[in-house]
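Now for the letters of each chain:
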Amino acid sequence: MTTHTSTPLRGSCECGACSIEVKAVPKARFRCHCLICQAFNSKPYADVVAVNAKDVTLNNAGNISFKKYRSPPNFDRGVCRTCNKPVVEIAGAGPFKVMFIPASNFEPEARLPPVQFDMFYHRRIVEMSDSVPKYSGYWSSEFAVGKLIMRGL
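Remember, predicted model here, so these are calculated numbers, not experimental data.

Rules of the game
- Residues numbered from 1 in each chain as written.
- Predicted model: local features only at pLDDT ≥ 70, side-chain atom pairs only at ≥ 80, totals over all residues.
- Heavy atoms only, no water.
- Helix = DSSP H or I, 4+ residues; strand = E, 2+ residues; numbered from the N terminus.
- Rg over C-alpha atoms; globule rule 2.2 N^0.38 Å.
- Buried < 20%, exposed > 50% of the residue type's maximum accessible area, 1.4 Å probe, protein only.
- Contact = heavy atoms within 4.5 Å.
- Areas by Shrake-Rupley, 256 points an atom, 1.4 Å probe, with all protein chains shown as cover.
- Lys, Arg positive; Asp, Glu negative; His and termini not counted.
- Charge placed at Lys NZ, Arg CZ, Asp CG, Glu CD.
- Pairing = 2+ DSSP bridges.
- Disulfide = S-S within 2.5 Å.
- Axes fitted to C-alpha atoms, helices over the stretch in contact; angles between N-to-C directions.
- Phe/Tyr/Trp six-rings, centres within 6.5 Å; stacked < 30°, edge-to-face > 60°.
- Lys NZ or Arg CZ within 6 Å of the ring centre and 35° of its normal.

### As for the overall build of the protein chain
Item 1. Looking only at helices and strands, one finds two helices and 10 strands in the protein chain.
Item 2. Computed over the C-alpha atoms, the radius of gyration of the protein chain is 14 Å, within 12% of the 15 Å expected from 2.2 N^0.38 for a compact globule of 153 residues.
Item 3. Summarising its shape, the C-alpha atoms of the protein chain cover approximately 35 × 30 × 30 Å along the three principal directions.
Item 4. Out of the 153 residues belonging to the protein chain, those deemed buried represent 46%.
Item 5. Excluding contacts between residues fewer than 6 apart, the proportion of contacts in the protein chain whose partners are at least 24 apart in sequence is 56%.
Item 6. Roughly 7900 Å² of accessible area belongs to the protein chain as shown, and the carbon and sulfur atoms make up 53% of that amount.
Item 7. When the 20 basic and 12 acidic side-chain charges of the protein chain are each reduced to a single mean position, those positions are 4 Å apart.

Listed below in structure tokens is the structure:
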């Protein structure tokens, strides 16, 4: 990967009304096939990068509408008030506060890390033909993402 922490990674929602600046290399990228992610993204799965919240600046944050779909987990999921497309999902607190940002919000995606795993794969709508690990079931999926976060996002 060619991303450098000195060069911020910039992204935005579909219409550009909400923009994001990431000051550090994203630590992880995964796909979530849960029903909430399918509904939130209006896609068969969410392809997201995970970044420590302290490394992210949300520009025009007042244009982001946040809501919780179900708790736990206590994710605040934000969409742009203009285009109604996903901008960011926020989970955790303090040093464990993480932002999950749709990979499609960044151009070029080549600057992002490769997908590391699929979670909630038992809820998949489409088969993934790659060789990354596939986690099915609630606890297996939650453990996979929890381990990722605890490794020091």
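### Concerning the pairing of strand 4 (residues 46–52)
Item 1. Among the seven residues that make up strand 4, six are buried, leaving the element largely enclosed by the rest of the structure.
Item 2. In the sheet, strand 3 (residues 28–32) pairs with strand 4 via five bridges, with the strands oriented antiparallel. Residue pairing for strand 4: arginine 29 is matched across the bridge by valine 49.
Item 3. Bridge analysis of strand 4 against strand 9 (residues 98–102) gives five bridges, and the strand direction is antiparallel. Bridging from a neighbouring strand, valine 49 pairs with isoleucine 101 of strand 9.

### A word on the state of the cysteines
Item 1. The tally for this structure, following the rule as stated, stands at zero disulfides.
Item 2. Lacking any disulfide linkage, cysteine 37 is separated from the closest cysteine sulfur, that of cysteine 32, by 3.7 Å.
Item 3. Residue cysteine 83 stays outside any disulfide, its sulfur separated by 3.8 Å from that of cysteine 15, the closest cysteine.

### Digging into the sheet that holds strand 9
Item 1. Here we have seven strands laid out as an open sheet, ordered 6-7-8-9-4-3-10, and mixed in their pairing. Across the chains shown, the open sheet's two edge strands, defined by having one partner strand only, are strand 6 (64–67) and strand 10 (117–119). With direction set aside, neighbouring strand axes in the sheet form an average angle of 30 degrees.
Item 2. Alignment of strand 3 against strand 10, held across three bridges, turns out to be parallel. Residue cysteine 32 lies in a different strand from strand 10, and its bridge partner there is methionine 119.

### Considerations on the packing of aromatic side chains
Item 1. Applying the stated criterion across every chain yields a total of six aromatic pairs.
Item 2. Centre to centre, the rings of phenylalanine 30 and phenylalanine 117 are 5.1 Å apart; their planes meet at 5 degrees, and the pair counts as stacked. Of this pair, phenylalanine 30 sits in strand 3 while phenylalanine 117 is found in strand 10, placing the two residues 87 residues apart along the sequence.
Item 3. When its relative accessible area of 4% is taken as the criterion, phenylalanine 30 is described as buried.
Item 4. Between tyrosine 138 and tryptophan 139, the aromatic rings sit 4.9 Å apart at their centres with planes inclined by 90 degrees, giving edge-to-face as the arrangement.
Item 5. Following the ring pairs from residue to residue traces out a cluster consisting of Phe30, Phe75, Phe100, Phe117 and Tyr135.
Item 6. The ring of tyrosine 121 has lysine 134 lying over it, and the distance from NZ or CZ to the ring centre is 5.7 Å.

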